[in-house]
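Coordinates in review
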Amino acid sequence: MVFNDIYKTYWNKVFRICMGYVNDHDWAKDIAQETFVTIWQQLPKFRNESAIGTWIFRIASNHCLRQIERQNRMPRSEMPEQIAEHIEPDREPQVQFLYKCIAELPETDRLIISLELEDMNQAEIAKIVGLSETNIRVKVFRIKERLAKKFENYEH
């Protein structure tokens with residue numbers, strides 16, 4: 001596959017996976033861009049041992065995990081109020097709430113549900129996450145139940 005085709009096909013999916021991890025539009029965009037730099041660099045080494053999508057989502061999830069790890073190691077400080085930008089992305093409140101709920105899940109669950117939302121089959125998700133397909137099915141069911149309960153409380 002040519003890099004431009006990969007980029008066009010997978011950009012939105014990779015971005016949404018990153019959003020599921022970090023729940024921050026700009027940060028997710030940065031991580032997605034880093035992911036595609038890595039894909040571009042590593043594409044000649046891709047050996048077709050797995051589906052290209054599986055390979056791409058594994059790179060994206062690794063970048064997300066590394067960024068979160070770095071973020072947790074660095075002390076956090078707030079921007080001074082006078083220079084902070086207050087730009088809210090134009091997204092529906094339910095979508096924002098969904099990303100917030102996904103971001104609150106444990107790391108593995110975030111990855112699983114993000115890939116599930118991208119319509120990836122559960123066998124591929126199992127390969128990416130390193131769990132059995134049966135375990136993935138059970139986890140997806142339980143994650144959806146948890147998210148549904150949160151949405152019930154959100155709507156009341």
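Everything here concerns the structure above.
Quantities reported herein were computed from a predicted structural model and do not represent experimental measurements.

Bringing the overall build of the chain into the picture now. A count of helices and strands for the chain gives seven helices and zero strands. Order of helices (α) and strands (β) in the chain, N terminus to C terminus: α-α-α-α-α-α-α. Counting the 156 residues in the chain, one finds 38% classified as buried. Summarising the internal contacts of the chain: among those between residues at least 6 apart in sequence, 64% fall at separations of at least 24.

Our focus in this paragraph is the side chain of glutamine 122. Inspection of the secondary structure puts glutamine 122 in helix 6 (residues 122-129). Classification of glutamine 122 by relative accessible area gives buried; the value is 17%. Excluding anything up to four places from it in sequence, glutamine 122 contacts Glu116, Glu133, Ile136, Arg137 and Val140.

Let us now look at the packing of helix 3 (residues 52-73) against helix 6. Taken N-terminus to C-terminus, the directions of helix 3 and helix 6 make an angle of 45°; their axes are 10 Å apart at the nearest point. Looking at the two axes, helix 3 sits oblique to helix 6. Crossing handedness for the pair helix 3 and helix 6: right-handed. Of the residues in helix 6, those touching helix 3 at Thr54, Phe57, Arg58 and Ser61 are Glu124, Lys127, Ile128 and Val129. A class-by-class count of the residues in the contact of helix 3 with helix 6 yields three nonpolar, two polar and three charged.

For the pair helix 4 (residues 93-103) and helix 5 (residues 107-117), interaxial distance at closest approach is 9 Å and the crossing angle is 145°. Side by side, helix 4 and helix 5 meet where Leu98, Ile102 and Ala103 of the first sit next to Arg110, Ile113, Ser114 and Leu117 of the second. Here the residues of the contact of helix 4 with helix 5 sort into five nonpolar, one polar and one charged.

About the cut-offs
- Residues numbered from 1 in each chain as written.
- Predicted model: local features only at pLDDT ≥ 70, side-chain atom pairs only at ≥ 80, totals over all residues.
- Heavy atoms only, no water.
- Helix = DSSP H or I, 4+ residues; strand = E, 2+ residues; numbered from the N terminus.
- Buried < 20%, exposed > 50% of the residue type's maximum accessible area, 1.4 Å probe, protein only.
- Contact = heavy atoms within 4.5 Å.
- Axes fitted to C-alpha atoms, helices over the stretch in contact; angles between N-to-C directions.
- Parallel < 35°, antiparallel > 145°, perpendicular 65-115°, else oblique.
- Left-handed = near helix turned anticlockwise from the far one by under 90°.
- Nonpolar A, V, L, I, M, F, W, Y, C, P; charged D, E, K, R; others polar.

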